[in-house]
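# Topology and contacts: notes
Read off the chains here:
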Amino acid sequence: DGGITQSPKYLFRKEGQNVTLSCEQNLNHDAMYWYRQDPGQGLRLIYYSQIVNDFQKGDIAEGYSVSREKKESFPLTVTSAQKNPTAFYLCASIRDGIGYGYTFGSGTRLTVV
Amino acid sequence: GIQVEQSPPDLILQEGANSTLRCNFSDSVNNLQWFHQNPWGQLINLFYIPSGTKQNGRLSATTVATERYSLLYISSSQTTDSGVYFCAAENSGGSNYKLTFGKGTLLTVNP
């Protein structure tokens, strides 16, 4: 079955560490997105990419970095510059064209210890 | 950017009841979607509905684009309907499917 796989499901980070969250899709979607969700809040856009080797900052990109070397993969690195990284991170993709909705992965819960 | 507001923030129902969730948006849209997030965090797309009405089983949605609101109807609610319902929109000037989410409506359906 096609879908989006995020790993790991839970991740613990020490202060000052960089960590990378994986997002892989086998849906042949061009566009991919990273969102952050804080308790009781909606989702906020971190980065998005519409084609390989190109990506754009979202609303809260500071302290994060991404790459898009393959169509299937869009990893997110949470750097030590992100002051409050504890959150639920969701990856999404969408099929090109009109009338299609997002497909989301199951998320990664990141906690700073 | 576009603002998306949802109401009510919380809703508690008895199984079998009907409900209406509202989403107001501040600008004209070319993309509006409704999502359900289950208690484990998984988000499922319910509707892509920038205008008009759609139905899928016990759920239906209507967007009145000229008045900048959308409604999600849940009929004969079940305990499995519990979770957070999000509305998300992209304004008409956008072309990259970049959605702005509301804060959601937390629905609890009691048996």
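Note that the structure is a prediction, hence the values are computed from the model and not measured. (Residues numbered from 1 in each chain as written. Chains lettered and ligands numbered in written order. Predicted model: local features only at pLDDT ≥ 70, side-chain atom pairs only at ≥ 80, totals over all residues. Heavy atoms only, no water.)

### Quick notes on the pattern of salt bridges
Taken as a whole and assessed by the stated rule, the structure comprises four salt bridges over all chains. Two residues, K71 of chain A and D30 of chain A, come together in a salt bridge whose shortest N-O distance is 3.4 Å. Taken together, the residues span a long stretch of sequence, with K71 of chain A in the loop between β7 (64-66) and β8 (76-78) and D30 of chain A in the loop between β3 (19-25) and β4 (31-37) at a distance of 41 residues. Note on D30 of chain A: relative accessible area 30%, which makes it partly exposed. Of the charged contacts in the structure, one is a salt bridge between D81 of chain B and R58 of chain B, with a shortest N-O distance of 2.9 Å. Pair noted here: D81 of chain B is in the loop between β8 (69-74) and β9 (83-91) and R58 of chain B is in the loop between β6 (52-56) and β7 (59-64), with a separation of 23 residues, a long-range link. Here D81 of chain B falls in the buried class, since its relative accessible area comes to 7%. Each of R36, D38 and R44 of chain A takes part in salt bridges that share partners, so that together they form one network. (Salt bridge = Lys/Arg side-chain N within 4 Å of Asp/Glu carboxyl O. Helix = DSSP H or I, 4+ residues; strand = E, 2+ residues; numbered from the N terminus. Buried < 20%, exposed > 50% of the residue type's maximum accessible area, 1.4 Å probe, protein only.)

### A few points about the environment of C91 of chain A
Residues and elements named next belong to chain A. The residue C91 is located in strand β9 (residues 87-94) in this model. Residue classification places C91 among the buried positions, given a relative accessible area of 0%. Distance from C91 to G58, taken between C-alpha atoms, is 13 Å for residues 33 residues apart in sequence. Ignoring anything within four residues of it in the chain, the contact list for C91 reads I4, Q6, C23, M32, Y33, W34, T103, F104 and G105. (Contact = heavy atoms within 4.5 Å.)

### Section: the interface of chain A and chain B
With 23 residues of chain A at the contact, the number on the chain B side is 17 residues. Summed over both partners, the interface of chain A with chain B buries about 1,700 Å², with 54% contributed by carbon and sulfur atoms. On the chain A side of the contact with chain B, L43, Y102 and F104 of chain A bury the most area, a combined 27% of that side's loss. Run the count over chain A and chain B and you get zero salt bridges. Here chain A is connected to chain B by six residue pairs in polar contact (both at pLDDT 80 or more). (Buried area = accessible area lost by both parts, 1.4 Å probe. Polar contact = N/O pair within 3.5 Å; in protein donor to acceptor, adjacent residues only side chain to side chain.)

### Comments concerning the state of the cysteines
With the rule as written, the count across this model stands at two disulfides over all chains. The partner cysteine of C23 of chain A in its disulfide is C91 of chain A, sulfur to sulfur 1.9 Å. Residues C23 of chain A and C91 of chain A share a disulfide whose torsion about the S-S bond is about -70 degrees; that sign makes it left-handed. Pair noted here: C23 of chain A is in strand β3 and C91 of chain A is in strand β9, with a separation of 68 residues, a long-range link. A relative accessible area of 1% means that C23 of chain A is categorised as buried. Each sulfur in the disulfide pair C23 of chain B and C87 of chain B lies 2.0 Å from the other. Here C23 of chain B and C87 of chain B share a disulfide; its torsion about the S-S bond, -60 degrees, makes the bridge left-handed. Taken together, the residues C23 of chain B in strand β3 (residues 19-25) and C87 of chain B in strand β9 connect sequence positions 64 residues apart. The burial state of C23 of chain B is the same as that of C87 of chain B; both residues are buried. (Disulfide = S-S within 2.5 Å.)

### With respect to the sheet that holds β7 of chain A
Residues and elements named next belong to chain A. Judged by pairing direction, the sheet is antiparallel, and its four strands sit side by side in the order β1-β3-β8-β7 without closing on themselves. For this open sheet the edge positions go to β1 (4-7) and β7, each flanked by a neighbour on one side alone. Strand after strand, the sheet turns through a mean of 20 degrees between neighbouring axes, direction not considered. Two strands pair when backbone bridges link them, and β3 and β8 are joined in this way by three bridges, in the antiparallel orientation. Residue L21 lies in a different strand from β8, and its bridge partner there is L76. (Pairing = 2+ DSSP bridges. Axes fitted to C-alpha atoms, helices over the stretch in contact; angles between N-to-C directions.)

Everything listed here is a matter of geometry and, on its own, says nothing about what the molecule does.
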